[in-house]
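# Observations on the model geometry
Spelled out, the chains give:
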Amino acid sequence: MTNTATASPQLTGDQPHRTYQVRTYGCQMNVHDSERIGGLLEQAGYAPAAEGDDADVVVFNTCAVRENADNRLYGNLGHLLPTKQARPGMQIAVGGCLAQKDRETITTKAPWVDVVFGTHNVGSLPVLLERARIAEESQVEIVEALQTFPSNLPTRRDSAYAAWVSISVGCNNTCTFCIVPALRGKETDRRPGEILAEIEALVAEGVQEITLLGQNVNAYGVEFGDRQAFAKLLRACGGIDGLERVRFTSPHPKDFTSDVIAAMAETPNVMPQLHMPLQSGSSAVLKAMRRSYRQEKFLRIIDEVRQAMPQAAITTDIIVGFPGETEADFEETMKVAEAARFSSAFTFQYSKRPGTPAATMDNQVPKAVVQERYERLVARLDEIAWEENKRLLGQQVEVMFADGEGRKDAATDRMSGRARDNRLVHVAVPADPGLRPRPGDIAMATVTHAAPHHLTADGEFSGLRRTRGGDAWQARTEQPATSRAVGLGMPGLGKPAAAPAPTGPGCQTC
């Protein structure tokens, strides 16, 4: 993998390894950035902190989308202050979208922060930490243009068998609820050859599932003038030996075209799963959001996907209570939910984001009204998801087993993983560890129970395939144990909405 962080300071041989911890908030792009942060720090000589230990460097990779993101950050920074005071040489760094937005405000409110860096200069972190240590003062460096794609930086991936691959950074849309284009910048696309070379390198390391990542992934190619570039990229992924599963997130309905649907349906390793943000079912609200599509177009896309891939699971994002939303508008959202039959949805209560046009719009919807609509929508979405999952009872599904997907696996003698359509499946496994699948291995399992947000397969699984991804997981676990980057608040497709109700715009990558 290309390494562009040549200026990173190195710890000398007679120095003990300093330890680090990354705390990640928000979207998949942030999770991908955090893997690069870990890679940069390890290249510079740092080591991951053991679980439960205080780290010498704590990095907050922040999100500006959620309500009270700044309050949450400053609360966590305040909790760390006593630790830092008792630990000479400890450093704290803040990066991500909130850092890009607030800049010097962070060191004003929390002067014990050593480094503030933005979304465009992740690769500068090791140098900034060293500069702050030598100068004994905070370093703030925010640049306005992307310096290098995250995927061009060294990485410390959390998974041995699955990986994110960034195909674009930034967004050219102007949604009135979203501040991310101002923080991530205009869309910048990687060349197809670079993307495919990275995927091939990952597969050679044992990765068998990749997720193509971008703020508006299906607009890929706009920078070099090829409107069919994304469909071509999906088809090219189908030609990579050893690549079992390809996913992508998140597309925008206005850019979703028939050639992409055909590529999904005709490329065997592109999974029958689509995350398609709706935001609202009301065409009037969509116009106020500047979403550039209307209810009819959204439903046409869903119908075309279902005709090409009847087995596809479709998930979405929905915002409740956008300024000016009437009861009739909300009923239009309910109508689309009924028609689309989403397998899962991330639902959000609208809240003002300073710096966005929607924050100053008239007719802000009262909180009590938003709450009631939200509860009504979530209840119906859960019913629909459950109804859709029940349709799979008695059917066989292909499960790729995963590490850490099932919180109760140890107590229930199950292992959890994802079906091809990304549904979470809990599978009964033998008591003998030698007969159990490894994370990354693949088997067929028969669904015996359906719940709104998962499936259970308590019969015997069949056709267990020991995969190169499982080999990679085993090789990693047999190495000396080190902790992984700490993830906070990372949504996974197919999870239920969190309680209490999340608030803020509903884009999972922005």
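Up top is the structure.
A few points on the structure. Being a predicted model, the structure only gives us computed values, none of them experimental.

Within the secondary structure, Gly440 is located in the loop between strand S17 (424-428) and strand S18 (442-446). Classification of Gly440 as buried rests on a relative accessible area of 0%. Separated by 280 residues in sequence, Gly440 and Ala160 have C-alpha atoms that sit 8.2 Å apart.

It is at 11 Å that the axes of helix H7 (residues 192-204) and helix H8 (residues 229-237) come closest, and there the two elements cross at 25°. Between H7 and H8, the angle falls in the class roughly parallel. When you trace H7 past H8, the crossing you get is right-handed. Here Ile195, Leu196 and Ile199 of H7 come into contact with H8, specifically with Leu233, Ala236 and Cys237. Along the lines of polarity and charge, the residues of the contact of H7 with H8 split into 6 nonpolar, no polar and no charged.

What follows covers the sheet that holds strand S12 (residues 273-275). The strand order across the open sheet built from 3 strands is S12-S13-S14, with neighbouring strands paired in parallel fashion. A single partner strand is all that each edge strand has here, and the edge strands are S12 and strand S14 (344-349). Pairwise comparison of adjacent strand axes, ignoring direction, gives a mean angle of 10° for this sheet. Across 3 bridges, the pairing between S12 and strand S13 (residues 313-320) is parallel. Bridge pairing in S13 places Leu274 opposite Ile314. Sitting on the sheet, helix H13 (residues 367-390) touches S13 and S14, and the angle it makes with S14 is about 175°.

On to the packing of aromatic side chains. Under the criterion given, the structure shown has 6 aromatic pairs. Geometrically, the ring pair formed by Phe230 and Phe248 is edge-to-face, given 5.0 Å between the ring centres and 85° between the ring planes. Pair noted here: Phe230 is in helix H8 and Phe248 is in strand S11 (residues 245-249), with a separation of 18 residues, a long-range link. Relative accessible area serves as the criterion here: at 4%, Phe248 is assigned to the buried category. Between Phe298 and Phe342, the ring centres sit 6.3 Å apart and the planes meet at 65°, which makes this aromatic pair edge-to-face. Within this pair, whereas Phe298 is found in helix H11 (residues 295-308), its partner Phe342 is found in the loop between helix H12 (327-340) and S14, the two being separated by 44 residues in sequence. A relative accessible area of 1% means that Phe298 is categorised as buried. Phe342 gets classed as buried once you look at its relative accessible area, which sits at 1%. One aromatic cluster is present, formed by Tyr293, Phe298 and Phe342 through successive ring pairs. Across from the ring centre of Phe224, 4.4 Å away, lies the NZ or CZ of Arg191, which sits over that ring. Between Lys390 and the ring centre of Trp386, over which it is positioned, the NZ or CZ distance is 4.2 Å.

What follows covers the nonpolar core. Residues Ile199, Leu212, Leu234 and Phe256 are the most contacted members of the largest nonpolar core, which totals 91 residues. Here the element with the most residues in this core is H8; it accounts for 6 residues. Dropping the residues within four chain positions of it, Ile199 is found in contact with Val165, Ile210, Leu212, Cys237, Ile240 and Leu243. If you look at the next biggest cluster of nonpolar residues, it comprises 18 residues, including Tyr46, Phe117, Leu125 and Leu153.

As a further point, take the pattern of salt bridges. Summed over all chains, the structure comprises 36 salt bridges. Across the pair Arg36 and Glu198 runs a salt bridge, and its minimum N-O distance is 3.5 Å. Of the two residues, Arg36 sits in helix H1 (residues 28-43) while Glu198 sits in helix H7, which places them 162 residues apart along the sequence. In this structure, Arg36 and Glu198 share a single accessibility class: buried. Across the pair Arg376 and Glu327 runs a salt bridge, and its minimum N-O distance is 2.9 Å. Residue Arg376 is located in helix H13, and its partner Glu327 is located in helix H12; the two are separated by 49 residues in the primary sequence. On the basis of relative accessible area, Arg376 is assigned to the partly exposed category, the value being 25%. A residue is classified by how much of its surface remains accessible, and Glu327, at 34% relative accessible area, is partly exposed. Here the residues in one salt-bridge network are Glu338, Arg341, Arg380, Glu383, Glu387, Glu388 and Arg391, joined through shared partners.

A few words on the sheet that holds S17. In space, the 7 strands of this open sheet follow the order S19-S20-S17-S16-S15-S18-S21, with mixed pairing throughout. The open sheet is flanked by strand S19 (449-451) and strand S21 (462-465), the only strands paired with a single partner. Within this sheet the neighbouring strands show an average axis-to-axis angle of 35°, counted without direction. As paired strands, S18 and S21 are joined by 2 bridges and run antiparallel to one another. The residue of S21 that forms the bridge with Met444 is Ser462. Running over the sheet, H13 touches S19 and strand S20 (454-457) and is turned about 165° from S19.

Turning to the pairing of S11, a few remarks are in order. Buried residues dominate S11, accounting for 5 of its 5 residues. Residues Arg245, Arg247 and Thr249 of S11 are buried on one face, and the alternating residues Val246 and Phe248, pointing to the opposite face, are buried as well. Across 5 bridges, the pairing between strand S10 (residues 209-213) and S11 is parallel. Directly across from Thr211, in S11, lies its bridge partner Arg247. The β-α-β motif built from S10, the intervening H8 and the parallel element S11 has right-handed crossover chirality.

Rules and cut-offs
- Residue positions are counted from 1 within each chain, in the order its sequence is given.
- Local features are withheld for residues below a pLDDT of 70 in this predicted model, meaning they are given only at 70 or higher, and side-chain atom pairs are given and counted only at 80 or more; totals for whole chains, interfaces and linings count all residues.
- Each side-chain value is worked out from all heavy atoms of the structure, with water and hydrogens disregarded.
- In DSSP terms, a helix is any run of H or I states spanning at least four residues, a strand is any run of E spanning at least two, and both are numbered starting from the N terminus.
- To sort residues, take the accessible area from a 1.4 Å probe on protein chains only and compare it with the maximum for the residue type: under 20% means buried, over 50% means exposed, and anything in between is partly exposed.
- Angular values range over 0 to 180 degrees, each being the angle between N-to-C directions of two axes fitted as lines to C-alpha atoms, with helices fitted over their stretch in contact.
- Any angle between 65 and 115 degrees counts as roughly perpendicular, while under 35 counts as roughly parallel, over 145 as roughly antiparallel, and the rest as oblique.
- Note on convention: near helix rotated counterclockwise from far helix by under a right angle means a left-handed crossing. Clockwise means right-handed.
- Contacts are residue-level and defined by heavy atoms, with any inter-residue pair within 4.5 Å sufficient.
- Note on residue categories: nonpolar means Ala, Val, Leu, Ile, Met, Phe, Trp, Tyr, Cys or Pro, charged means Asp, Glu, Lys or Arg, and polar means any other residue, Gly included.
- Note: two strands are recorded as paired if DSSP finds a minimum of 2 bridges between them.
- For Phe, Tyr and Trp, where Trp contributes only its six-membered ring, two rings pair if their centres lie within 6.5 Å, and the inter-plane angle classes them as stacked under 30 degrees, edge-to-face over 60, or tilted in between.
- Geometrically, a lysine NZ or arginine CZ counts as sitting over a ring once it is within 6 Å of the ring centre and also within 35 degrees of the ring normal.
- By nonpolar core is meant a set of buried Ala, Val, Leu, Ile, Met, Phe, Trp, Tyr and Cys residues that side-chain atoms within 4.5 Å join together.
- For salt bridges, the criterion is a side-chain nitrogen of Lys or Arg within 4 Å of an Asp or Glu carboxyl oxygen.
- By convention, a crossover is right-handed whenever its connection, traced from the first strand over the helix to the second and viewed with the strands pointing away, goes clockwise.

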